[in-house]
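Structural overview for review
These are the residues of each chain, in order.
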Amino acid sequence: MPLVSGTEIFKAARQGGYAVGAYNTNNLEWTQAILEAAQAKNAPVLIQTSMGAAKYMGGYKLVVHMVEDLIESMNITVPVVLHLDHGEYDDALECIEAGYTSVMFDGSHLPFEENLKLAKDVVEKAHAKGVSVECEVGSIGGEEDGIIGSGELADIDECVQMVNTGIDFLACGIGNIHGAYPENWTGLAFDHLQAIADAVGQEVPLVLHGGSGIPQEQIEKAISMGVSKINVNTEFQLSFAKATREYIEAGKDLEGKGFDPRKLLAPGKAAIVKDAIEHIEWFGSADKA
């Protein structure tokens, strides 16, 4: 199945009361693992790259070709969206041209009027090519590719204005953060999430960034209130690192050709498959392909 836009997938998730996982990839093995998990659970999936990860892997065009070729070679039949995560304006436009089927323009660090103006331009250019668009209101806490936010509650009127640009899904700050959650984190602001959902309309898919480490019951409650796309990255990074560390600490890299990268990276890849399957089940997207 060719890459698809996120528009219909997330509309269906919003209407169906489930969420689709948006999983960051950092290399070949991560991409294989995410696709394998989605196929195993018959779930639609969104594979996304940060600007930094795409650069690390060789650029946006290489990422497009890698994902497309893996879909073919792995006989993937579930819908797959290829998305730019937290993209700056120029990167969003580059991804639209390179073959990504969805982009996030993140202008949340800019003055709101500038954010809104650039968002409208991205929407126009993206929709002309059938590419879905995500934008953000209210900086998400933590750090993502050098963009740092303290975690705030998105302004409701600004959320409405952003949705009126024609974006396909809205990322809004509701007390969530990127990276590991500190011990003093007070949880998601559900009253604020409800107010946003009421203001923008029940058909608008909402995006929860910083999905790693949020308790399952809070994830499920957020989904019931309109969150249809959940981003996960840090959790997979930690699992990958743990599995790789255990392999090396057990001395398996010193047994025969255990140092072969294909063997060295295999436990980390298996850990991501396991985690992705678990998240698909949490999010309710199994058998929704």
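Residues numbered from 1 in each chain as written. Predicted model: local features only at pLDDT ≥ 70, side-chain atom pairs only at ≥ 80, totals over all residues. Heavy atoms only, no water.

1. Concerning the UniProt feature "binding site: Zn(2+) 2" (unreviewed entry) in the chain
As recorded in UniProt, the feature "binding site: Zn(2+) 2" (unreviewed entry) lies at Asp106 and Glu136. In summary, the annotated positions, though distributed over 31 residues, converge in three dimensions, the widest C-alpha pair being only 5.7 Å. With respect to the helices, strands and loops of the structure, aspartate 106 is situated in the loop between strand 4 (102-105) and helix 6 (112-127). Polar side-chain contacts of aspartate 106 include one of 2.7 Å to the side chain of histidine 86. Each residue touching glutamate 136, except ones within four places of it in the same chain, is listed here: His86, Met104, Phe105, Asp106, Ser108, Asn115, Met162, Ala171 and His209. (UniProt positions renumbered as here; feature names shortened; annotations may be inferred. Helix = DSSP H or I, 4+ residues; strand = E, 2+ residues; numbered from the N terminus. Polar contact = N/O pair within 3.5 Å; in protein donor to acceptor, adjacent residues only side chain to side chain. Contact = heavy atoms within 4.5 Å.)

2. Side note on the sheet that holds strand 1 (residues 20-24)
Strands sit in the order 1-2-3-4-5-8-9-10 around a closed barrel of eight strands; the barrel is parallel. Averaged over all adjacent pairs, the angle separating strand axes in this sheet is 25°, with direction ignored. Sheet topology note: the strand 8 (residues 169-172)/strand 9 (residues 206-208) ladder contains two bridges and is parallel. Counted as the bridge partner of leucine 170 is leucine 206 from strand 9. Here helix 1 (residues 7-16) sits on the sheet and contacts strand 1, strand 2 (45-50), strand 3 (80-87), strand 5 (132-137), strand 8 and strand 10 (227-232); the angle it forms with strand 10, its principal contact strand, is near 115°. (Pairing = 2+ DSSP bridges. Axes fitted to C-alpha atoms, helices over the stretch in contact; angles between N-to-C directions.)

3. Things to note about the environment of aspartate 198
One can find aspartate 198 in helix 8 (residues 190-200). Here the alpha-carbon distance between aspartate 198 and isoleucine 156, two residues 42 residues apart in the chain, equals 9.7 Å. Side-chain polar atoms of aspartate 198 contact the side chain of glutamine 202, separated by 3.3 Å.

4. Some points on the packing of aromatic side chains
If you walk through the whole model with that rule in mind, you get five aromatic pairs. Between tyrosine 23 and phenylalanine 236, the aromatic rings sit 5.3 Å apart at their centres with planes inclined by 25°, giving stacked as the arrangement. Here phenylalanine 236 lies in helix 10 (residues 234-249) and tyrosine 23 lies in strand 1, a separation of 213 residues in the sequence. Ring centres 5.6 Å apart and planes at 85° place the aromatic pair tyrosine 60 and tyrosine 100 in the edge-to-face group. Of this pair, tyrosine 60 sits in helix 4 (residues 60-73) while tyrosine 100 sits in the loop between helix 5 (89-98) and strand 4, placing them 40 residues apart in sequence. Residue classification places tyrosine 60 among the buried residues on the basis of a relative accessible area of 7%. Owing to a relative accessible area of 1%, tyrosine 100 belongs among the buried residues under this scheme. Taking NZ or CZ as reference, lysine 221 lies 4.4 Å from the ring centre of phenylalanine 190, over its face. Stacked on the ring of tyrosine 18, the Lys or Arg lysine 288 has its end atom at 5.1 Å from the ring centre. (Phe/Tyr/Trp six-rings, centres within 6.5 Å; stacked < 30°, edge-to-face > 60°. Buried < 20%, exposed > 50% of the residue type's maximum accessible area, 1.4 Å probe, protein only. Lys NZ or Arg CZ within 6 Å of the ring centre and 35° of its normal.)

5. So, the nonpolar core
With 79 residues, the main nonpolar core has Val80, Leu170 and Leu206 as its most contacted residues. Excluding anything up to four places from it in sequence, valine 80 contacts Leu3, Val4, Leu35, Val45, Ile47, Val67 and Ile71. One finds Ile9, Leu46, Val81 and Ala171 within the second-largest nonpolar core, a separate group that totals twelve residues. (Core = buried A, V, L, I, M, F, W, Y, C linked by side-chain atoms within 4.5 Å.)

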